[in-house]
Each structure stands twice: as C-alpha cells, then as structure tokens.
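# A structural walkthrough
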Amino acid sequence: MKHFKRMDSINIVPFIDIMLVLLVIVLTSATFIAQGKIPITLPKSEGSQKIDKPLKEVEITINAKGEYFLDKTPLSLESLKQEVLKLPQDSPILLRGDSKSAFESFISVVGVLQESGRMNIDIQVQRE
C-alpha cells in the first residue's frame, strides 16, 4: 500500500518573484504614461555629405512652442493644409522640427502631407 506524503505548506517564493517582476513592469510603464511621452532628442546624422544650400524648395518648420511655419510664414495647421494643397504634387518639401516641440505636432504635419498626396519629403536632423 502506498503512503502519500501530506503537504503542510505551499512554496510561495516563485509566486513572489513573478509578482515583483510584474510590479516593476507596471511601475515602469506607468511612469511613461504619466509623462505622456518618452523624452528624446532629435537624431544626429553622421553622413559624409555636407550640404550648404537649402535642401528643398518648400520648408515646413515646427518651433519649440508647436507653431507651424511655411517658408517662415506662421500658419495654423488648417491654413498649412490649404497652402500645401496649392503646391504642385511633386514639390520637394523639407520638414524641420525643434527638438522641444511635441511629437504630436510633427505627426499632424506628416498626416497633412500624406492626405494631400505629397510624398517628396525630407526630414532635417541635426548633424554631429
């Protein structure tokens, strides 16, 4: 006849380890959610080609306050959309954004350009 060993206690150490890992994950992701964005700086290019002249015929700029400029003329996002629609379809566009501007502003401009079918876009970054 077999005798079964009675289990008097449960080993909860593995359970505690798993809960601590989950707690770290939740606290880390909650920090990013509370800030609303992950802080980053613009990428820097180390390309060997140096360009001294303006890259494109049309410049769209977003400053640190999130204001939009079309060739140094301040515009609202809706006005920018109307002006972009007036441009020829294959107009080369240079998109510049301040490192302190909200990423949402950048995405809004990219959305306007995609909606209008403008695909000849360059994005300017700071060189090291």
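Residues numbered from 1 in each chain as written. Predicted model: local features only at pLDDT ≥ 70, side-chain atom pairs only at ≥ 80, totals over all residues. Heavy atoms only, no water.

## Some remarks on the pattern of salt bridges
What the rule picks out here adds up to 3 salt bridges. Where Arg-96 meets Glu-59, a salt bridge forms, and the shortest distance between an N and an O atom there is 3.4 Å. Taken together, the residues span a long stretch of sequence, with Arg-96 in strand S5 (residues 93–97) and Glu-59 in strand S2 (residues 58–62) at a distance of 37 residues. Across the pair Lys-81 and Glu-115 runs a salt bridge, and its minimum N-O distance is 2.9 Å. Of this pair, Lys-81 sits in helix H2 (residues 77–86) while Glu-115 sits in helix H3 (residues 103–115), and the two are 34 residues apart along the sequence. (Salt bridge = Lys/Arg side-chain N within 4 Å of Asp/Glu carboxyl O. Helix = DSSP H or I, 4+ residues; strand = E, 2+ residues; numbered from the N terminus.)

## Things to note about the side chain of Ser-91
Tracing the backbone through its elements, the reader meets Ser-91 in the loop between H2 and S5. One polar contact links the side chain of Ser-91 to the main-chain carbonyl oxygen of Pro-88, over a distance of 2.9 Å. (Polar contact = N/O pair within 3.5 Å; in protein donor to acceptor, adjacent residues only side chain to side chain.)

## Digging into the confidence of the model for the protein
Averaged over all residues, the pLDDT of the protein equals 75, while 75% of them reach at least 70. Here residues 34–38 is modelled with pLDDT under 50, and outside its nearest four sequence neighbours on either side it reaches 2 contacts, counting other chains as well. In the predicted structure, residues 50–56 sits below a pLDDT of 50 and forms 7 contacts with residues beyond four places in sequence or in another chain. (pLDDT = per-residue confidence, 0-100. Contact = heavy atoms within 4.5 Å.)

## Quick notes on the side chain of Ser-116
Inspection of the secondary structure puts Ser-116 in the loop between H3 and strand S6 (121–123). Under the relative-accessibility criterion, Ser-116 is labelled buried at 10%. Aside from chain neighbours lying at most four places away, what touches Ser-116 is Val-84, Leu-85 and Gln-89. (Buried < 20%, exposed > 50% of the residue type's maximum accessible area, 1.4 Å probe, protein only.)

## A short note on the nonpolar core
Ranked by size, the top nonpolar core spans 13 residues in total, and within it Ile-60, Leu-80, Val-109 and Leu-113 carry the most contacts. Secondary-structure elements contributing two or more residues to this core are S2, strand S3 (68–70), H2, S5 and H3. If we skip the residues at most four places from it in the chain, Ile-60 touches Phe-69, Leu-70, Leu-80, Val-84, Ile-93, Leu-94, Leu-95, Arg-96, Val-109 and Leu-113. (Core = buried A, V, L, I, M, F, W, Y, C linked by side-chain atoms within 4.5 Å.)

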